[in-house]
Every structure is written in structure tokens, then in C-alpha cells.
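As a plain string of letters, each chain reads:
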Amino acid sequence: MSEKKNLMINCDVCDARNAKEEYLSGYEQIMINTDLLLVSAESRGVLERLPAICNTDNTLEVDDNANLIFQNGSTEINGSSAFPADTVFAVNGDLLIRSDTSRQTLEALRAVNITGSLLCPASLLTCIKDLYATGKIKTYPNDCVVLRPVFTPDEYFHLRAREGQKYYVEQEVRLTAPGIDLGTLRDKKVQFISPRFFVPAEKAADALELFNETASMEVIPQGYAFIDACEELSENLLRKCGNRLFFRGDLTLTGENLSLLSRLEKLYVSGTLLVPENLAEDFYQFDVECSSVKIVKEEKRHILENSPRIILDKNILTASPQGVLVRNSAVLTIEENITPQDILDHVEIVNCARVDCSENQKAAVYQKSSNVPQIGSREENGEPSGMLGILLNLAETKMINADKYVL
């Protein structure tokens, strides 16, 4: 075994502009896993000459004197924001640019790197010189006030809303607060810019004037309680909301809450109702309205997962009459006492970097594998290198985990 250690760096932003060859050459293998890698012209050459693997979403070459500002978590730029000239702004999360932001503020930025989504006024998007986002880049009308992506106006919103104001809501508006006065919002000529809204049937007429014709309207039948997707069907929910429920999104039934269906006068699920296979027969006795029903099969196989190395032998198969599922492993080794027919009948392999098996087992492994790039004998596959080699030799690896790391 080599006396040199490996180096693995896991971070959101890696500033490698001052990477030194004399320091890094002391490592056998170098792996940098980062969302943003900053390099200079000189340090890029250093990394290219070394046994270095850089797994990065974005590599940015900037001068040594460029400023780096890193924000860990979603944030916003607004009228009070200011940046030094030639700044790289890195955000680990979503970025919202408010409509009161000046063009000069954005033009001071050398680059913007976002590991989430960007929401920006349409007129300001072109002010950003070098923009990279792993999520969506979205714009909104310049004259809008941005509210939460899912917005439920409270019972005082109609009093606080400004005359003639447009409000941008990215996902949906829920007009479900009992005391909200939609008539007052209509008289103030308030407008919501949003793709979808939910409204009780008795308030639907007033709500129509608050949205344009492109918005999708979901009407909640009169007398129904609106229930968010994060809620579960429970005894407490029935006591709090009554026996007519309108669930937003999907709902999962369990053995514990199936009996509660008999106490509901009506249940409406706007998404998919997920029913365990063993409850399907009992479920169909109840009157439930939903977009779709999905019967969920119980996983009865023995699952081997989330380990750098897994060994599958005959004893494991014998103890697993329902079969074996192997997933999320770096290296799976199948011992020779397992026959090809055993593999075809009882084994499934998913998301493994490599499978070591005999020549006789190879064809069966190919048929029962998905997302497995390397299948063959240990001699064919060779000694693991790169990320695989580092994962299997963690004792010989210097591991650095950080939000921002300066190399």
C-alpha cells in the first residue's frame, strides 16, 4: 500500500485560486466534490497536472483579487443590498431579487452561482453578467410585490393590501381563511399573478376578478374544510375540521386511519390516494373522491443498501425466501456459490457502481441490473480507483467537509 494518503474535499464552494502543487503533490489521489469551484489561470494548470478529480456543477476562472461572498441558505437581494465591485456571489439555496433592487447593485457582481432557483424581475435579469443556477431561472413582472410561493392571505390581508397592487405568487394562492373579504380586494382592484388558486364555492364569484383568465381555479365545495398536503388523516383532524374534508395533494391511507373513513360524510383528495395493498379491499367499501388511486405493494424482499461494499452469498439468499434487492452500493461482490438461475429468480441490483461476479454469472447479472456501469470478474474490473477507490479506503483518506473551503 502506498504511504501517500488520499484527499477528499466535500463542500458547497471550493476556492482553489491559490492551490499549490508542492502541497497537493503529497497526495495519492485528490477528489473535490463541490457545487462551485473557483480557479485562477495558474491554479487550473496545477489541478490539471495532479491526479485530481473535480466533481463540480460550475468551474469559474476569476482573478485573485475578486471578492467571494457565500450565503449558505436561501436569500434575497433588495433595495438595501450592496456589493463591492467584482464580487462572486454564491448562494447555497434559492435567490430572490426584489423589484426595488437597482441595476447598479447587480452590475457590481462579477458572477452569481446558485444551487437552487432564481426568481428575478424581468427587466433586471440581463444585468447579471455571469449567471449559473442548478434550478430554474424564473422572472416575474416588474410591478409586482413577491409573496410566498404558496400564499394563504389571512383575515386582515384585505385591509393591508394596497390599492391597485399586483402580487406575484409563484405556485398557488389559497383563499381559505374564514374572515378574508374578497369583495374588498376586488374593490381595491388588487390582482394576484399566480398559476393556480383555491377558493370556497361561496366566494368563487368575487375571486374571479382577482386573477386573470390563465389562472387555474380549484373550487372547494361548500362546507368542506381545506386540508394541506402535509396533514394526515387522524382523530385530531376530524375533531378540529369536521367530517367533510378537502385534501390538497396526495393522501396516504394506513391501517390506523382507514377506520376513520366510516366517520366522514365526504372525502375529496385533489391528488393521488395511496392505498397499501393489504387495505385495498376494505378501502373500496368507502365513498371517496380523488384524482387517482394507487395501490402500493409492500416490499417483502430482503434489502441490502447504502454500503460501500456488499457481499452476496448463498446463505443470504437461503434466508430471504422473497428475494434480495441490492441498491446504492459502491461494489457488490457475488460469490460463486450463487447460480445464474438464483440471480434470475431472486436478485435485483439497482444503483451500484460496479458488480464483481464470475464469467458464468455475468449474463444473469446484466439482466437483473439497472444503473450499474461495470459488471465483470474482479480481474476484469481491476482495483477500484477514483471515487470508488477512495470510498473503499477511507482509512487512508483525509476527509474535509465544509460549507466553504479555501484550498
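Look above for the structure.
Numbering of residues starts from 1 in every chain and runs along the sequence as written. Confidence filtering applies because this is a predicted model: local features only for residues at pLDDT of at least 70, side-chain atom pairs given and counted only at 80 or more, and all residues used for totals across whole chains, interfaces and linings. Hydrogens and waters are ignored; side-chain quantities use all the structure's heavy atoms.

Points about the overall build of the chain
Here is the rule we go by: Secondary structure elements follow DSSP: runs of H or I no shorter than four residues count as helices, runs of E no shorter than two count as strands, and numbering proceeds from the N terminus. Every residue pair with non-hydrogen atoms within 4.5 Å of one another is taken to be in contact. Computed with the Shrake-Rupley method and a 1.4 Å probe, the accessible areas treat only the protein chains shown as cover for residues. In this tally, Lys and Arg are treated as positive and Asp and Glu as negative; His is ignored, and so are the chain termini. Lys charges are placed at NZ, Arg charges at CZ, Asp charges at CG and Glu charges at CD.
Counting its regular elements, the chain contains 13 helices and 29 strands. In terms of overall dimensions, the chain has a C-alpha envelope of 80 × 65 × 30 Å along the principal axes. Contacts in the chain between residues at least 24 apart in sequence constitute 35% of all its contacts with a sequence separation of at least 6. For the chain, the accessible area works out to roughly 20,800 Å², and carbon and sulfur atoms hold 46% of it. Here the chain carries 41 positive and 60 negative side-chain charges, and the mean point of each set is 3 Å from the other.

Quick look at unusual backbone geometry
To keep things clear, this is the line we draw: Buried residues are those whose accessible area, probed at 1.4 Å on protein chains only, stays under 20% of the maximum for their type, while exposed residues exceed 50% and partly exposed ones sit between those limits.
A positive phi angle, close to 60°, is found at Asp86, a residue other than glycine. Positive phi outside glycine occurs at Asn328, with the angle close to 55°. Tracing the backbone shows Asn328 in strand β25 (residues 324–334). Look at Asn328 and you get partly exposed, because its relative accessible area is 34%.

Quick notes on the sheet that holds strand β29 (residues 397–406)
What counts here: Only strands joined by at least two bridges in the DSSP assignment are considered to pair. Helix axes are fitted only over the stretch in contact, all axes being lines through C-alpha atoms; the angle between N-to-C directions runs from 0 to 180 degrees.
Taken in spatial order, the 4 strands line up as β3-β2-β1-β29 in an open sheet, and their pairing is parallel. Looking at which strands have only one partner, the edges of the open sheet turn out to be β3 (52–61) and β29. Taking the axes of each pair of neighbouring strands and ignoring which way they run, one obtains an average angle of 10° across the sheet. Here strand β1 (residues 5–15) runs beside strand β2 (residues 27–39); their pairing, made up of 9 bridges, is parallel. Bridging across to β2, Cys11 finds its partner in Thr34. Contacts between helix α2 (residues 41–49) and the sheet are confined to β2 and β3, with β2 contributing the most and set at about 145° to the helix.

Re the side chain of Lys203
Let me state the cut-off plainly: For salt bridges, the criterion is a side-chain nitrogen of Lys or Arg within 4 Å of an Asp or Glu carboxyl oxygen.
Topologically, Lys203 is positioned in the loop between β17 (196–200) and α6 (204–208). Glu202 provides the closest opposite charge to the buried, salt-bridge-free Lys203, at an N-O distance of 6.3 Å. When neighbours within four sequence positions are excluded, Lys203 is seen to be in contact with Ala177, Pro178, Ile180 and Leu182.

Observations concerning empty space enclosed by the protein
Rules: Whether a set of points on the 1 Å grid over the protein atoms alone is a cavity depends on a 1.4 Å probe fitting there but being unable to get out, while an open set qualifies as a pocket with protein on both sides within 12 Å along at least five of seven lines; lining residues are those with an atom within 4 Å of a point. Grid points are joined across faces, edges and corners, and a volume is the space filled by probe spheres set on the points. Just so you know the grouping, Ala, Val, Leu, Ile, Met, Phe, Trp, Tyr, Cys and Pro go in nonpolar, Asp, Glu, Lys and Arg go in charged, and all remaining residues, Gly too, go in polar.
One pass over the full model with this rule turns up 1 cavity of 30 Å³ or more. Its boundaries defined by the atoms lining it, the largest cavity holds a volume of some 30 Å³. Looking at the largest cavity, the residues that line it are Asp12, Val13, Asp35, Leu36, Phe70, Ala90, Val91, Asn92, Asn113 and Thr115. Breaking the lining of the largest cavity down by element, the ones donating at least two residues are β1, β2 and β6 (87–92). The dominant element in the lining of the largest cavity, judged by the number of residues it contributes, is β6, at 3 residues. Residues that form the lining of the largest cavity fall into these classes: 5 nonpolar, 3 polar and 2 charged.

What about the sheet that holds strand β8 (residues 109–114)?
Spatial ordering of the open sheet is given by β4-β6-β8-β10, a layout of 4 strands whose pairing is parallel. Sheet topology places β4 (67–72) and β10 (131–133) at the edges, where each strand pairs with a single neighbour. In this sheet, neighbouring strand axes are inclined to one another by 10° on average, regardless of whether the strands run parallel or antiparallel. The pairing of β4 with β6 spans 6 bridges and is classified as parallel. Counted as the bridge partner of Asn67 is Thr87 from β6.

As for a nonpolar patch on the surface
Rules: For patch detection, residues must exceed 30% relative accessible area and be free of salt bridges, and they are connected within 9 Å for like charges or within 5 Å for nonpolar side chains (Val, Leu, Ile, Met, Phe, Trp, Tyr).
Residues Leu208, Met217 and Val219 make up a contiguous nonpolar surface patch of about 230 Å² in total accessible area. Positionally, Met217 belongs in strand β18 (residues 216–220). Met217 gets classed as partly exposed once you look at its relative accessible area, which sits at 34%.

Quick notes on the packing of aromatic side chains
For clarity, the threshold we go by: Ring pairs shown here join Phe, Tyr and Trp side chains whose ring centres sit within 6.5 Å, with only the six-membered ring taken for Trp; geometry is labelled stacked below 30 degrees between planes, edge-to-face above 60, and tilted in between.
Enumeration according to the criterion identifies 13 aromatic pairs in this entry. Aromatic pair Phe246 and Tyr268: ring centres 4.9 Å apart, planes at 20°, arrangement stacked. In this pair, Phe246 is assigned in strand β20 (residues 244–247) and Tyr268 in strand β22 (residues 266–276), connecting sequence segments 22 residues apart. With a relative accessible area of 1%, Phe246 lands in the buried category. Members of the aromatic cluster, connected to one another through ring pairs, are Phe151, Phe157, Tyr167, Phe192, Phe197 and Phe211.

Things to note about the nonpolar core
This is how the line gets drawn: To define a nonpolar core, start from buried Ala, Val, Leu, Ile, Met, Phe, Trp, Tyr and Cys residues and group those joined through side-chain atoms within 4.5 Å.
Ranked by size, the top nonpolar core spans 21 residues in total, and within it Phe157, Leu175, Leu182, Leu185, Phe192, Phe197 and Phe211 carry the most contacts. Counting only elements with at least two residues in this core, the list comes to α5 (182–187), β17 and α6. Discounting residues that sit within four places of it in the chain, Leu185 has contacts with Phe157, His158, Ala161, Ile180, Val190, Phe192 and Leu210.

Here's the deal with the pattern of salt bridges
Where side chains of opposite charge bring their charged atoms close, a pairing between them can arise. Inspection of every chain in the model, using the stated rule, returns 22 salt bridges. Across the salt bridge formed by Glu172 and Arg196, the nearest N and O atoms sit 3.7 Å from each other. Of this pair, Glu172 sits in strand β15 (residues 172–174) while Arg196 sits in strand β17, placing them 24 residues apart in sequence. Residue Glu172 is classed as buried on the basis of its relative accessible area of 3%. Given the relative accessible area of 29%, Arg196 is considered partly exposed. Here Arg354 makes a salt bridge to Asp356, at a shortest N to O gap of 2.9 Å. Given a relative accessible area of 1%, Arg354 falls into the buried group. What makes Asp356 buried here is its relative accessible area of 4%. In the salt-bridge network here, residues are joined through shared partners; they are Glu172, Arg174, Arg196, Asp228 and Arg248.

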